[in-house]
Amino acid sequence: AYAEDGTYIHGLFIEGARWPKGEEASDTYVVSGTKCAGSLFDSRLKELIPPMPVIYVKAVPIQSHWEASSVGFLRGDPEIFECPVYTTSFRGPTYIFLATLKSDVPPSKW
């Protein structure tokens, strides 16, 4: 099925955390009519760069209360971790966009 607004992507990995899959991602919520599940979890031992599940991505208009930064506009939402996305693990000039990932703990943890 296609997302009503936005798109689904795959092939991303996360460092220093993980995203739950299956029943572990129990809480479901709707974003722009698209059913989503899960939030950031602590990484597992010896699992340094786990793969992310299929991700729903949507561009949104900038809001006046968001803070401009060198990596994008920061929302300052305590339930959102603003995660940089890169094309490779080398970071730096491979930066693409700032993803907003749901977090059940303060974003400063990540």
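Here the structure is shown first, and the text comes after it.
What you see as residue numbers is a count from 1 along each chain, following the sequence as written. The predicted nature of this model means local features are confined to residues of pLDDT at least 70 and side-chain atom pairs, given and counted, to a pLDDT of 80 or more, with totals for whole chains, interfaces and linings taken over all residues. The basis for the side-chain values is all heavy atoms of the structure; hydrogens and waters are excluded.

Draft legend 1. Representation of the side chain of Ser103 within the structure. For Ser103, the position within the fold is in the segment after β8 (95-102). Any residue under 20% of the maximum accessible area for its type is buried, any over 50% is exposed, and the rest in between are partly exposed; the area is computed with a 1.4 Å probe on protein chains only. When its relative accessible area of 3% is taken as the criterion, Ser103 is described as buried. Any pair of N or O atoms that falls within 3.5 Å is considered a polar contact. Within protein, one atom must be able to donate a hydrogen and the other to accept it, and sequence-neighbouring residues count only if both atoms are side-chain atoms. Of the polar contacts made by the side chain of Ser103, one reaches the backbone oxygen of Val105; its length is 2.7 Å. Within polar-contact distance, the side chain of Ser103 engages the side chain of Trp110 at 2.9 Å. To qualify as a helix, a DSSP run of H or I must reach at least 4 residues; to qualify as a strand, a run of E must reach at least 2; elements of each kind are numbered from the N terminus.

Draft legend 2. Just the packing of aromatic side chains, in detail. Between rings of Phe, Tyr and Trp, where Trp is taken as its six-membered ring, a pair exists when centres lie within 6.5 Å; planes separated by under 30 degrees are stacked, by over 60 edge-to-face, and by other angles tilted. Summed over the entire model, instances satisfying the criterion amount to two aromatic pairs. For the pair Tyr8 and Tyr56, a centre-to-centre distance of 6.1 Å together with 55° between the ring planes defines the contact as tilted. Remark: Tyr56 occurs in strand β4 (residues 55-57) and Tyr8 occurs in strand β1 (residues 7-9); sequence separation between them is 48 residues. The class for Tyr8 is partly exposed, based on a relative accessible area of 37%. Centre to centre, the rings of Tyr86 and Tyr95 are 5.8 Å apart; their planes meet at 70°, and the pair counts as edge-to-face. When its relative accessible area of 27% is taken as the criterion, Tyr95 is described as partly exposed.

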